[in-house]
Amino acid sequence: MNENINRAGRFRFSTKLIESLSYNVLIDIMKNFIIIKCDYIFHGKYIEYIAISHLFDEIEKGVVTPEYTIMITQEKNRKHSVSVQRKK
């Protein structure tokens, strides 16, 4: 059994952000997540994801999926690192 299965979270990216990033940068970011559900929110112009990731806190079964802010940092080698912060 995958040890990350209990590490679910919600996060969102604006469509403007997604359109501004290159394909390779999107791969660097999204390789950290297994997307379970993806919804385009028309009135907010963002995409909300529910995903599993080693970056998320472990949660108990039946708990509301927590929301995270995703932080992207460009490293000197042109790769991008991803960190998360759980919203209260």
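Quick caveat, the model's predicted, so the values are computed rather than measured. (Residues numbered from 1 in each chain as written. Predicted model: local features only at pLDDT ≥ 70, side-chain atom pairs only at ≥ 80, totals over all residues. Heavy atoms only, no water.)

### Some thoughts on the overall build of the protein chain
Okay, so step 1: Scanning the protein chain from N- to C-terminus turns up 2 helices and 5 strands.
Okay, so step 2: Secondary structure elements in the protein chain, listed N-terminal to C-terminal, are β-α-α-β-β-β-β.
Okay, so step 3: Here the C-alpha atoms of the protein chain give a radius of gyration of 13 Å, agreeing with the 12 Å that 2.2 N^0.38 yields for 88 residues.
Okay, so step 4: Viewed in the frame of its principal axes, the protein chain has a C-alpha envelope of about 35 × 35 × 25 Å.
Okay, so step 5: Counting contacts in the protein chain only where the partners sit at least 6 residues apart, residues at least 24 apart contribute 52% of the total.
Okay, so step 6: Total accessible area on the protein chain is roughly 6,500 Å²; 52% of this is exposed by carbon and sulfur atoms. (Helix = DSSP H or I, 4+ residues; strand = E, 2+ residues; numbered from the N terminus. Rg over C-alpha atoms; globule rule 2.2 N^0.38 Å. Contact = heavy atoms within 4.5 Å. Areas by Shrake-Rupley, 256 points an atom, 1.4 Å probe, with all protein chains shown as cover.)

### Thoughts on the environment of Phe-33
Okay, so step 1: One can find Phe-33 in the loop between α2 (23–30) and β2 (34–41).
Okay, so step 2: What makes Phe-33 buried here is its relative accessible area of 7%.
Okay, so step 3: Taking the C-alpha atoms as reference points, Phe-33 and Leu-55, separated by 22 residues in sequence, lie 8.5 Å from one another.
Okay, so step 4: Residue contacts for Phe-33: discarding those within four places in its chain leaves Phe-11, Ala-51, Ile-52, Ser-53, Leu-55, Phe-56, Ile-70 and Val-82. (Buried < 20%, exposed > 50% of the residue type's maximum accessible area, 1.4 Å probe, protein only.)

### Some points on the sheet that holds β2
Okay, so step 1: Strand order in this open sheet of 3 strands is β1-β3-β2, and the pairing throughout is antiparallel. A single partner strand is all that each edge strand has here, and the edge strands are β1 (8–14) and β2. Taken pair by pair, the neighbouring strands of this sheet meet at an average axis angle of 20 degrees, ignoring direction.
Okay, so step 2: Where β2 lies against strand β3 (residues 46–52), 7 bridges are found, and the strand directions are antiparallel. Across the sheet, the residue bridging to Ile-34 is Ile-52, located in β3. (Pairing = 2+ DSSP bridges. Axes fitted to C-alpha atoms, helices over the stretch in contact; angles between N-to-C directions.)

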